[in-house]
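# Chains, contacts and geometry: an overview
Next come the chains, spelled out residue by residue.
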Amino acid sequence: MAEEQSSSHKTIKRFDSFDIESRTYLGHGSHGSSKVMKWSTVLHLAFQSIGIVYGDIGTSPLYVYASTFPNGIKHEDDILGAFSIIFYTITLSTLVKYVFIVLRATDNGDGGTFALYSLICRYAKVGLTPSEQAEDTNISNFKLELPTKRMKLATWVKSRLEKSDISKYFLLIVTFLGTSMLIGDGIFTPCISVLSAVGGIKEAAPSMTQDKIVWFSVAILIMLFMVQRFGTDKVGYTFSPLLLLWFALISSIGLYNFIKFDWTVIRAINPAYIVTYFIRNKKDAWLSLCGTVLSITGAEALFADVGHFTVRSIRLSTCFITYPAIILAYAGQSAFLRKNPDLVSDIFFKSIPGPMYWPMFVTAILAAIIASQSLISGTFSIVQQSLSMGCFPRVKIVHTSATHKGQVYIPEVNYLLMLACVAVTLGFKTGVQLGNAYGLAVVFVMIITSSFLVIIMTMIWKTHILLILLYIVTIGTMEFMYLTSVLYKFDQGGYLPLAFATILVTIMFVWHNVYLRKYKYESNNKVSPQMVKDIMNNIRITRMPGIALFYSELVQGIPPIFKHYVQNMPALHSTLIFVSRKSLPISKVSPEERFLFRRLEPKELNMFRCVARYGYRDSHKESEPFEKMLVEKLKEFIMIKNSEGIISSDNEDEIERIDKAFNDHGVVHLMGESQVFAGEGANLGKKILIDYAYDFLVRNLRQSSNHSFDIPHKRMVKVGMTYEL
């Protein structure tokens, strides 16, 4: 029966153009189908999420009030005003924004800045990746299961973004900035959490100096980073009971203080207290926002870590455990301060009933360590995502779990984080001073998330304009107020997260920019099909038994390094496959949809092109399974039935030869490595970018030649070539 020419993504499409590169073979699994998850599983994930997601926001009661009133409380109603601000900040940001709105914008279940950026790139052609292919949209996860009703505003926004190169670069730089700020959280969270928790020892030992507290905190931080290489396997089971105990303790003590000291602080639900607080304190009230914003540190983790769990489990654990516990903790502290306003600088430990001091002190240190661990692990994942998108230098990725692909360890990043944490802790010494730096990082990430979300609401969800305006007026205005406040204290520590972010954004921009230039050079100098035939006919090339995988970044065409290779080493294996690793703006690609193949004609050459497609959360640590999977998919490609439904004997013979080559002689991996420099006549900016900035990164960061597929060194051959960009 003739092959049907339908629009279904299951149809095998044939392309004549060599540049389109491929023939698609899709597996029979249904990857896009959604399954109804059992409530027992949802509850199980909700429990696990407590130990991973909420360490940061859960430990914020340690330092929020001390940071809000660094100069003391001047009026008793100021407590109600500050508590009202904290209550509505947590409610609007954590519940309304993240739990009920942002969690709708997951990328096939994954969250974070890259998830929002990937959604935008899939709907509008704003991505800067130079290797777009029509076949990629056939991948199950590529499709957006979102409303499709058209609106003029959505079409206008999409058109403006696609036509403006400035908009494309702006979106990419903002993504870099959001990613860098989240990495900054991995620096500030350990510092402020551990320092604030350890500072509680002064309650039992008043003679303890701040310098001793700082050095004790540094010792804990160093120990924390030194154990990272052992991995975070089963971290949810280990940390969740401790965090659950922490939330039980802070909520119980909060309820106790609320009843004992002043239950009327419930009046803070009335937002009028916020108005009178600002009228009474004016500039000081505005500056106190630098402290209250710390009540939502870690709120971004609800979205960034959702890929490890589910949206429903995150919503359950937030609404029924985290949110009530934190609100009760702040209510109790507010009630205590109504009677003891002079104790605001040590409010957390001063408000603990005597018999509960030591259990709370120990639990606070453990909770601070857990909060630090979650941000450190998150930083490793963020760097891995950036690396997979060609936006970060090639660092060593160590997979610490055989069962959980998302659990990774990056030695270089770990030690740089440790040095930064130690330096920041020694430099600032107190949690209040750290709060100024921490607050800026938190607010910037929130604003970037909101900005991307408004684009998604407008362009993809087709949300009613009045609802979009309502979001901007409420959430947007709140975040803008916080931004103006934290920027005012720029010279008091606020500069630090921007300094870190500037360094990281510069690194990411330099690497990505040169990556695009290299790709463009290879694309402009690729070897044509006719040139391949001429090379094979004009050069005496020996064909050896076995399979060779020739790796390159180029997705369309044969890389120029191939010609360089055969001119210097005229020997090729009996089967040669040009393999290109391609990153897609989606979180994951299923193994059945991993590969695209195309044969190089004439058939006697035994040469193929293969594009291996990965999402930004996919793991590449496959070595032998990758080789086996590629060969199996190649055989499936060869076996595709022709229009008459007949498999020729030639195909069967070819498959038998491939099997024999793979089983008897194995696979050799040929790695193309290029050294780049600015071409003759290049301007000063281009020379600085390529010859100095990029060259500095290459020389000073460990380069892993087999970063994409974990290629065994004993079967790897490197082929070098110089590119004049």
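Keep in mind the model is a prediction, meaning the values are calculated, not measured.

## Focus on empty space enclosed by the protein
As enumerated under the stated definition, the model contains four cavities of 30 Å³ or more in all. The calculated volume of the largest cavity comes to roughly 90 Å³. If you trace the largest cavity, you find 13 residues lining it, with I250, I253, Q333, F348 and S351 closest to the centre. For the lining of the largest cavity, the element with the highest residue contribution is helix 9 (residues 235-260), accounting for five residues. Here the residues of the lining of the largest cavity are counted per class, giving eight nonpolar, five polar and no charged.

## A word on a nonpolar patch on the surface
On the surface, a cluster of nonpolar side chains totalling about 560 Å² of accessible area is made up of L153, W156, I465, L466, L469 and I472. Those elements giving two or more residues to the nonpolar patch turn out to be helix 6 (152-163) and helix 19 (465-488). Of all the elements, helix 19 adds the most residues to the nonpolar patch, at four residues. For L153, the location among the structural elements is in helix 6.

## Considerations on the environment of T425
One can find T425 in helix 17 (residues 411-428). Put simply, T425 and C191 are 234 residues apart on the chain and 5.8 Å apart in space, counted from C-alpha to C-alpha. Sequence-distant contacts of T425, defined by excluding residues within four places in its chain, comprise C191, L195, V214, S217, V218 and L221. Among the polar contacts listed, one links the side chain of T425 to the backbone oxygen of C421, at a separation of 2.8 Å.

## What to know about the packing of helix 16 (residues 357-388) against helix 17
Where helix 16 meets helix 17, the closest approach of the two axes is 10 Å, and the angle between their N-to-C directions is 130°. Considering their axes alone, helix 16 and helix 17 lie oblique with respect to each other. By crossing handedness, the relation of helix 16 to helix 17 is classed as right-handed. Note on element contacts: helix 17 touches helix 16 through V413, N414 and L417, opposite T379, F380 and V383. Partitioning the contact of helix 16 with helix 17 into residue classes produces four nonpolar, two polar and no charged.

## So, unusual backbone geometry
Of note in the backbone geometry, K282 takes a positive phi value of approximately 50° without being a glycine. Take K282: it is sitting in the loop between helix 10 (272-281) and helix 11 (283-287). The exposure class of K282 is exposed, given its relative accessible area of 60%. Phi at K462 takes a positive value of approximately 60°, unusual for a residue other than glycine. With respect to the element layout, K462 can be found in the loop between helix 18 (431-459) and helix 19.

## Considerations on the pairing of strand 8 (residues 667-677)
When strand 4 (residues 542-552) meets strand 8, the two strands line up parallel, connected through five bridges. Considered in strand 8, the bridge of I547 is made with V667.

Cut-offs used in this document
Residues numbered from 1 in each chain as written. Predicted model: local features only at pLDDT ≥ 70, side-chain atom pairs only at ≥ 80, totals over all residues. Heavy atoms only, no water. 1 Å grid on protein atoms, 1.4 Å probe; cavity = no way out; pocket = protein on both sides within 12 Å on 5 of 7 lines; lining within 4 Å. Points joined across faces, edges and corners; volume = space filled by probe spheres on them. Helix = DSSP H or I, 4+ residues; strand = E, 2+ residues; numbered from the N terminus. Nonpolar A, V, L, I, M, F, W, Y, C, P; charged D, E, K, R; others polar. Patch = residues over 30% accessible without salt bridge, like charges linked within 9 Å, V, L, I, M, F, W, Y side chains within 5 Å. Areas by Shrake-Rupley, 256 points an atom, 1.4 Å probe, with all protein chains shown as cover. Salt bridge = Lys/Arg side-chain N within 4 Å of Asp/Glu carboxyl O. Contact = heavy atoms within 4.5 Å. Polar contact = N/O pair within 3.5 Å; in protein donor to acceptor, adjacent residues only side chain to side chain. Axes fitted to C-alpha atoms, helices over the stretch in contact; angles between N-to-C directions. Parallel < 35°, antiparallel > 145°, perpendicular 65-115°, else oblique. Left-handed = near helix turned anticlockwise from the far one by under 90°. Buried < 20%, exposed > 50% of the residue type's maximum accessible area, 1.4 Å probe, protein only. Pairing = 2+ DSSP bridges.

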